[in-house]
Structure formats: C-alpha cells, structure tokens
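Survey of secondary and tertiary structure
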Amino acid sequence: MDQRLTTDGSADRTDATRPAPTGPREPGVPDVRRRIPRTDAVLGDPRLLEAAHRLGPGTVKAAVRQAQERARAGAVAPEEVADTAVALLPRTAGGLRSVVNATGVVLHTNLGRAPLSAAARQAVQEAAGPTDVELDLRTGVRARRGRTVLAALCARVPSAAAAHVVNNGAAALVLVATALAAGKEIVIGRGEMVEIGDGFRLPDLLVSTGARLREVGTTNRTSAADYAAAIGPETAFVLKVHPANFRITGFTRAADAGELAALGVPVVVDIGSGLLAPHPLLPDEPDAETRLRAGASLVTASGDKLLGGPQCGLLLGEEELVRTVSRHPLARALRVDKLTLAALEATLTGPDTPTAVALAADQAGLVRRAERLARALGADGIDARAVESAASVGGGGAPGVTLPSAALSLPERYAAALRTGPVPVVGRLEAGRCLLDLRTVPREDDERLAGAVRSVQGPAAEG
C-alpha cells in the first residue's frame, strides 16, 4: 500500500488509496477529481504550515480535507483547494467564537454575560505565563493567593473588612452555607426561595450543603418579627436573597438588612448581580456597600454581571466570618485561577468596563449611530432602518428596568444569516424585523457590524 507522510509525520492514505473514479464520464473529458492535490502537497503551503504551528496540525489537516471534499463535489476548482483550506481555518484553536452582541441585553447569559475590558484582557494575557500568584518576589517565600485583588475589592467596598473570591456566585453562597450552617438552620423568607435560569433552585442549593431551611413569612409579606420568631439555638444565620429575575409588586413587605442586623445573629445578603456601590440608573438594585453599612455580616455576589468582570463569586464582610469561610476545606475546591484573579483586579482598578459604558450610553447618541449605519447600508441597496428600541440589563439584574436604546432594523431573514456569517452577529426578532440593538454594540464595532451585514447580503439574506 502506498503511504505518504504528512507534515506532522503521520501516514496519510486519503489520496494514495482512493480508488480511481469509475462512474460514467463523457469521452474525451478528463475527470477534474484526478487533479485534486494530495493532502501532503496542500499541507506544504506556507500559510498552512504557519497555521499548523498556531492551531495544531490536526485542525489544519481537517480543513484541508474539507477543501478536498468540496473540490470532489465540484464546489471549488482543484487549484483552489489550498485557498479554500485557509478560508476554512478557525481564528483560534479553541471552539468558542467571538460574536457581536446586538441583542440589547447588556449581560446576556448565553453570550457569556459581561465582556471584559481591554485592561482586563491585557491582564489575562500578562498572567497567562508564570506569575507571582502565590510568591512574594521580595522575600522569595510563599505569599497569600490573590492578595492584591482582595485589597482592591476592599478598597472598592470600604465597609468590607475582608474579602474572598470563588469561582461563581452560587459557589459563594454554597461556601458560606457549608462553612457556617452545615447541620444547622438558615432562616429565609418564603418570597426569596427563588428559581433562576436553567431550573436552578436556591432551596436545592442550600439543602445540598447540609443546612436546614426555616421558611418564614409569606410570598408577598415578611417582617422582621417573622424572622425574630424563628431564630433559635440552631440558627446559623439569616439569609436575604435579592429576587433578581422577577419583581413582586402591590401589597408587599420585606425586612431590610438593618432590621435583621438587630436580631443578634449573622445576616448574609445575596445581592446577586454584583453591584458594589449604588448606581444612579438602577436605584432599586441592591449593592454591597449599602448592605454592609446597614449591618449585613456578609454579602455574596457575582463578578460577571454589573461589576463587568470575569465569572467569579465575591464574599465581602466581617473579617472573622470571611476568615472562617475562606479556611473551610471546600474553599480550596472553589478557588479561582490566576487568569480570573488578573481579570478581576483589572476590572476593579482599571477604566470603565464595557458593561458600565453600555449602561450609561445616551439614547440620542445611539440614535445617531443607527441613522449613520442605516444611511451607509441603504446606499448599498440594503433595507436598513434606524429605529428606537428598548434594551435591558439581563443577567438577573434590575428586573423590569428598561433602557431606552436605538437599533438597526433589517428584514427578518437577516437574523440567521448574521448568526452564521463570517463575523457572527446576534440580534433579536421583533415585529417581523431583525433588530441589531446598538446599546450592546461598542461604538468602535460599528464598521465591523456594517461589514457583517454587507457580507451576508445576497442569497443567504435576501432569499
């Protein structure tokens, strides 16, 4: 059997063992499939050799074979196999693709929630190699992991005497419940026994830690007296949970952290969305500083929501409680890696995050951007219109809050073509049109967005 070695040293039988075409062929007309270059010959293209070093030989070989199959099917000419293989190569060796979030949902869970700032991305790149994550370079001895990011957290939340970071918001609450309440009771209001995305239920999470739940009050009304009546020798702490993805209105009552702090047991407040201080556009959204100042013992939150950082869970509050929680054996299993620590610190100390910029965007400015894009695309014969729209915070933050916005409106058939185009763009369908909401598209991405729309103009989008 004739075998040829590919550039990665493996035997390639793809072409050497392929039987000659036997189907009927018009006399005198050569079969173009015979002119399809061998795999090893295509892999010798300088562009593909470079890509093999960057993406790995297996990925490059797969692209070459896809290109050869297209040539066999008559979709491309044999001499275009190398060019086609180059075009089929992914941008990175990973499976995740960068997309343009034009949904109007600032913190879109399916798109990874908060996009990192340029400062955070640079910090991640710097931390990708060997770092001093647990080493004091001055003394040469082991140092506390994440010491600089913990200091940055406490600086942003002055009422927090100490801080700890775990791998997500749910993990922060699990660690607190395990370390402080295993075998004991957690007192919680009935209206705060919430379910969030993908069937995730808070009561199930808490019970899994070995704690018992003591429910008080009713769905719509729970007073401090309800909590006081339930507190006993088995009470580990009182838990307040922000019902992040829904609102109860009308005849309601809820005890605040200040009222509960007077009951003589620790008060843990899960604010969820990660707001560290009050935000003028989100007056009803709880924040860590206000809750701690009111008397909460611990606050837990997510780092990849309104804070605008990487996925992680934050614990802030009294030094003794944070120390107890951070020294529990489970803390080791839930700790974050150096890349998360780097991104979080840059988020805390760096310039405004993309999340902050999106929240603060002025609608008039968004309208002007939409009009400019609509004119440019309209000049190319594309049915593009500038329209006012309504965006949202997302990520379980600020339920019911509408952010006035502006969008580029395209025919509905553009939605799928844009999602699957060379630059994936995710918009939303509304009233039979595809809306690309600009509140969630950075201004510097306007030309990228317009280019994506132009790239799918034609049969994929028009027909």
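All values derive from a computational prediction rather than experimental measurement.

Attention shifts here to the sheet that holds strand β9 (residues 212–216). Taken together, seven strands build an open sheet; the order of strands is β7-β15-β14-β13-β11-β8-β9 and the sheet is mixed. Single-partner strands in this sheet number two, and they are β7 (162–166) and β9. With strand direction ignored, the average angle separating the axes of adjacent strands in the sheet is 25 degrees. Pairing of strand β11 (residues 235–241) with strand β13 (residues 267–272), which is carried by four bridges, proceeds in the parallel orientation. Within the sheet, the bridge partner assigned to valine 238 lies in β13 and is valine 267. Where helix α6 (residues 147–156) meets the sheet, it contacts β7 and β15 (313–317), and its direction lies at approximately 125 degrees from that of β7.

This next bit is on the pattern of salt bridges. Summed over the entire model, instances satisfying the criterion amount to 25 salt bridges. The shortest N-O distance in the salt bridge between glutamate 134 and arginine 145 comes to 2.7 Å. Of this pair, glutamate 134 sits in the loop between α5 (118–127) and β5 (135–136) while arginine 145 is found in the loop between β6 (141–142) and α6, placing the two residues 11 residues apart along the sequence. Residue class for arginine 145 comes out partly exposed when judged on its relative accessible area of 23%. Between arginine 428 and aspartate 437 there is a salt bridge whose closest N-O contact spans 3.1 Å. Given a relative accessible area of 17%, arginine 428 falls into the buried group. Residue classification places aspartate 437 among the buried positions, given a relative accessible area of 0%. Ionic contacts of the salt-bridge type, sharing partners, join the residues Glu134, Arg142, Arg145 and Arg335 into one network.

This brings us to the packing of α5 against helix α14 (residues 338–349). Contact pair α5 / α14: the axes reach a minimum separation of 8 Å and the direction vectors enclose 150 degrees. As judged from the angle between their axes, α5 and α14 are roughly antiparallel. In this structure, the crossing between α5 and α14 has a hand that is right-handed. Here Ala119, Ala120, Ala123, Val124 and Ala127 of α5 come into contact with α14, specifically with Lys338, Leu339, Ala342, Ala343, Ala346 and Thr347. Of the residues that constitute the contact of α5 with α14, the class distribution is nine nonpolar, one polar and one charged.

This part takes up the side chain of threonine 353. Inspection of the secondary structure assignment puts threonine 353 in the loop between α14 and α15 (354–360). Dropping the residues within four chain positions of it, threonine 353 is found in contact with Ser117, Leu307, Gly308 and Thr347.

Helix length check: helix α3 (residues 57–72), at 16 residues, gives a terminal C-alpha distance of 22 Å against a target of 22 Å (1.5 Å per residue), a fit within 8%. All of the buried residues in α3 are Val60, Lys61, Ala63, Val64, Ala67, Gln68, Ala71 and Arg72. Looking at the buried positions of α3, the neighbouring elements they touch are α1 (39–43), α2 (46–55) and α4 (81–88). Looking one or two places after α3, you find glycine 74, whose phi comes out positive at around 85 degrees.

This next bit is on the pairing of strand β8 (residues 185–189). Counting buried positions along β8 gives five out of five residues, so the element sits mostly inside the fold. Here β8 runs beside β9; their pairing, made up of five bridges, is parallel. Within β9, the position partnered with glutamate 185 by the bridge is arginine 212. Summarising the sheet, β8 and β11 pair through four bridges and their orientation is parallel. By the bridge assignment for β11, glutamate 185 is matched with threonine 235.

This next bit is on the nonpolar core. If you look at the biggest cluster of nonpolar residues, it comprises 36 residues, and the most contacted ones within it are Leu153, Val165, Leu276, Leu314, Leu316, Leu344 and Leu348. Ranked by the residues each element gives to this core, the list is headed by α6, at five residues. Beyond its immediate stretch of four places on either side in the chain, valine 165 contacts Leu150, Leu153, Cys312, Gly313, Leu314, Val336 and Leu344.

Now for the UniProt feature "modified residue: N6-(pyridoxal phosphate)lysine" (unreviewed entry) in the protein chain. Those places that UniProt annotates as "modified residue: N6-(pyridoxal phosphate)lysine" (unreviewed entry) correspond, in this numbering, to Lys305. By secondary structure assignment, the location of lysine 305 is in the loop between β14 (298–302) and β15. The class for lysine 305 is buried, based on a relative accessible area of 12%. What lysine 305 contacts, discounting residues up to four positions off in sequence, is Leu107, Arg113, Ala114, Gly272, Ser273, Thr355 and Gly395.

Turning to the UniProt feature "domain: L-seryl-tRNA selenium transferase N-terminal" (unreviewed entry) in the protein chain, a few remarks are in order. As recorded in UniProt, the feature "domain: L-seryl-tRNA selenium transferase N-terminal" (unreviewed entry) lies at residues 33–72. As annotated, residues 33–72 has a helix share of 78% and a strand share of 0%, and its two end C-alpha atoms lie 6 Å apart.

A word on a positive patch on the surface. Among the surface-exposed residues, Arg368, Arg372, Arg375 and Arg443 lie close enough to one another that they form a single positively charged patch. Mapped onto the elements of the fold, arginine 372 is located in helix α16 (residues 363–378).

What counts and what doesn't
- Residues numbered from 1 in each chain as written.
- Predicted model: local features only at pLDDT ≥ 70, side-chain atom pairs only at ≥ 80, totals over all residues.
- Heavy atoms only, no water.
- Pairing = 2+ DSSP bridges.
- Helix = DSSP H or I, 4+ residues; strand = E, 2+ residues; numbered from the N terminus.
- Axes fitted to C-alpha atoms, helices over the stretch in contact; angles between N-to-C directions.
- Contact = heavy atoms within 4.5 Å.
- Salt bridge = Lys/Arg side-chain N within 4 Å of Asp/Glu carboxyl O.
- Buried < 20%, exposed > 50% of the residue type's maximum accessible area, 1.4 Å probe, protein only.
- Parallel < 35°, antiparallel > 145°, perpendicular 65-115°, else oblique.
- Left-handed = near helix turned anticlockwise from the far one by under 90°.
- Nonpolar A, V, L, I, M, F, W, Y, C, P; charged D, E, K, R; others polar.
- Expected span 1.5 Å × (residues − 1).
- Core = buried A, V, L, I, M, F, W, Y, C linked by side-chain atoms within 4.5 Å.
- UniProt positions renumbered as here; feature names shortened; annotations may be inferred.
- Patch = residues over 30% accessible without salt bridge, like charges linked within 9 Å, V, L, I, M, F, W, Y side chains within 5 Å.
- Areas by Shrake-Rupley, 256 points an atom, 1.4 Å probe, with all protein chains shown as cover.
- Lys, Arg positive; Asp, Glu negative; His and termini not counted.
- Charge placed at Lys NZ, Arg CZ, Asp CG, Glu CD.

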